[in-house]
Amino acid sequence: MKTAIMGFGNPVRSDDGIGCYVIDRLRATLGSVDDVSLFDMGTSAFEVLFQLQGHERILIVDAVVNTGEPPGTLYKVPAQAVEAAIQDDPMVFLHSLKWDQALSYARKILRDQYPDDVQVYLIAVDNTRLDVDLSESVRAAGDRVVDLILGDMVPG
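What this report covers is the structure whose coordinates are included nearby. Everything numeric here is computed off the predicted structure, so don't read it as measured data.

1. What about the pattern of salt bridges?
At step 1: Tallied over the entire structure, the rule returns two salt bridges.
At step 2: A salt bridge links Asp 143 to Arg 25; its shortest N-O distance comes to 2.4 Å. In this pair, Asp 143 is assigned in helix α3 (residues 136–153) and Arg 25 in helix α1 (residues 18–30), connecting sequence segments 118 residues apart.
At step 3: Residue class for Asp 143 comes out partly exposed when judged on its relative accessible area of 23%.
At step 4: Arg 57 serves as the salt-bridge partner of Asp 152, at 2.5 Å between the closest nitrogen and oxygen. Taken together, the residues Asp 152 in helix α3 and Arg 57 in strand β3 (residues 57–65) connect sequence positions 95 residues apart.

2. Looking at the pairing of β3
At step 1: For β3, a buried count of seven out of nine residues is recorded, marking the element as mostly surrounded by other parts of the structure.
At step 2: As judged from the five bridges shared by strand β1 (residues 3–7) and β3, these two strands associate in the parallel manner. The residue of β3 that forms the bridge with Ala 4 is Ile 58.
At step 3: One ladder, built from nine bridges, connects β3 with strand β5 (residues 117–125); its direction is parallel. Paired with Ile 58 across the strands is Val 118, a residue of β5.

3. Quick notes on the packing of α1 against α3
At step 1: Where α1 contacts α3, the axes come no closer than 9 Å and their chain directions differ by 45°. Classed by the angle they form, the pair α1 and α3 counts as oblique. Crossing angle aside, the handedness with which α1 passes α3 is right-handed. Residues Ile 18, Tyr 21, Val 22, Arg 25, Leu 26, Thr 29 and Leu 30 of α1 pack against Val 138, Arg 139, Gly 142, Asp 143, Val 145, Val 146, Ile 149, Leu 150 and Met 153 of α3.

Quick notes on the rules
Throughout, a residue's number is its position along its own chain's written sequence, starting from 1. It should be noted that, the model being predicted, local features are given only for residues of pLDDT at least 70 and side-chain atom pairs only at 80 or more, the latter also being counted only at that level, while totals for whole chains, interfaces and linings use all residues. In computing side-chain properties, one takes all heavy atoms of the structure into account and sets aside hydrogens as well as water. In the sections that follow, a salt bridge refers to a side-chain nitrogen of Lys or Arg positioned within 4 Å of a carboxyl oxygen of Asp or Glu. Secondary structure counts use DSSP, requiring at least four H or I residues in a row for a helix and at least two E residues in a row for a strand, with both numbered from the N terminus. A 1.4 Å probe rolled over the protein chains alone gives each residue an accessible area, and that area as a share of the maximum for its type sets the label: buried under 20%, exposed over 50%, partly exposed in between. The criterion for strand pairing is that DSSP finds at least two bridges linking the strands in question. A fitted line through C-alpha atoms represents every axis, and for helices the fit uses only the stretch in contact; the resulting angles, taken between N-to-C directions, go from 0 to 180 degrees. Each angle gets one of four labels, with under 35 degrees taken as roughly parallel, over 145 as roughly antiparallel, 65 to 115 as roughly perpendicular, and the rest as oblique. Less than a right angle of anticlockwise turn of the near helix away from the far helix marks a crossing as left-handed, whereas a clockwise turn marks it as right-handed. Whether two residues are in contact is decided by their heavy atoms: any pair within 4.5 Å suffices.

Now the structure itself:
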């Protein structure tokens, strides 16, 4: 199954960069794999959405704030449970595209090629200050996501 894995976040806003961290770890672990495409959406480029064509599964990793749960709390949800309606928002800028907006646009771009299997890993954070380091609890949650994704990719 061809899988696109997209990590969102701002790598200079501390724990908000967790999606980029997960992509870096997967890239280091997997190297180049034919059936897996890794996208660092930290400085998101809108054209990446066109590269999703041909993928049967999309996995998203991002930070989530204001959950009321401790930093590092991990949520895995089907995208349909939290996905925004398709937005034709002319104010969406390339560097500020979030995962729900990205999926809305991807659904519009890919149409009938949009995969049914879309999962979202959200990691609770509370530190988004200007800093390049992740907190210990959020880094540990990111490592858990890497393990879950790798475990899911190994036939079992």
